[in-house]
Amino acid sequence: MGVAMVINTRIGGNTDYVDDGVETLKRYKPRSLDELATRTKFSKKEIQLIYQGFKQECPSGTVNEETFKNIYGQFFPFADTSTYAHLIFSTFDLRSAGFVTFEDFLVCLSTLCRGTIEERLKWIFALYDTKKSGKLTNDDFYLILCAIYSLLGNVANRHYDHETIREHTMNVFQKFDKLHRGYLTVQDFVSYCLKDPLIIQSIESLRTTV
């Protein structure tokens, strides 16, 4: 396939229009291979392989939220993935543009798979920061836990009422909110997680080879 050659020559992170014989499609041109390798912790060979898979799922070079949710849902066919997929998409959408480019995808993937513990914890903080305020509140934790229960609860054939989830949320949040301020900064979040061996173990499991 010529996909690997294409990523070597496309630069600038711009959009272009290509006539596919039926309608004109807006296509995204990723940055050059050298730029992507510099910005991420992947090798050029790894980037080429990742790009092939991305283009297969997203021929236009970008993915919108609806398509992202459909792709994500394939990994959890018996669960309600809508809320969690929305949160992940929002975190991958680095420019809040309503779509994710290959560069957005690669940068986030690099952080999750090759980043330091602190970098990955900051990414998770951004995922949990549903209002993008720079602070996590009990409401943010509640939304995240509801999304997780939707993912895992349905798979296990178990149903949790909102009162149970709220109680669980309060218990978890109180453990993090050592200063009893009602919110957590990214420094609070990272500091707490770094002291918890179980959290560190789960974060380390994200480190993988593409």
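Under the annotation held in an unreviewed UniProt entry, the protein carries the name EF-hand domain-containing protein and is attributed to Adineta ricciae.

Visitor: Tell me about the side chain of Asp104, residues and numbers included.
Guide: Relative to the elements of secondary structure, Asp104 occurs in helix H6 (residues 102-114). Judged by its relative accessible area of 5%, Asp104 falls in the buried class. Contact partners of Asp104, with chain neighbours within four places excluded, come to Phe92, Leu94, Arg95 and Phe99.

Visitor: Can you tell me about the nonpolar core, naming the residues and giving the values?
Guide: Side chains of a nonpolar character, in soluble globular proteins, are inclined to be buried together. Judged by nonpolar contacts, the single largest core of 46 residues is most densely connected at Phe102, Leu121, Phe176 and Phe189. The biggest single contributor to this core is helix H7 (residues 117-128), with 7 residues. Residues lining this core come from more than one domain, with at least three contributed by each of domain 1 (32-114) and domain 2 (117-209). Not counting residues up to four positions away in its chain, the partners in contact with Leu121 are Phe189, Val190, Cys193, Leu194, Ile199 and Ile203.

Visitor: Please give an account of the confidence of the model for the protein that cites residues and values.
Guide: Caution applies to low-pLDDT parts of the model: their predicted coordinates are not meant to be read in detail. On average, residues of the protein score 83 in pLDDT, and 80% of them reach the 70 mark or higher. No element of the protein has a lower mean pLDDT than helix H1 (residues 3-9), at 33, and none a higher one than helix H10 (residues 186-194), at 96.

Thresholds, definitions, all that
- Residues numbered from 1 in each chain as written.
- Predicted model: local features only at pLDDT ≥ 70, side-chain atom pairs only at ≥ 80, totals over all residues.
- Heavy atoms only, no water.
- Helix = DSSP H or I, 4+ residues; strand = E, 2+ residues; numbered from the N terminus.
- Buried < 20%, exposed > 50% of the residue type's maximum accessible area, 1.4 Å probe, protein only.
- Contact = heavy atoms within 4.5 Å.
- Core = buried A, V, L, I, M, F, W, Y, C linked by side-chain atoms within 4.5 Å.
- Domains from an automatic or database assignment.
- pLDDT = per-residue confidence, 0-100.

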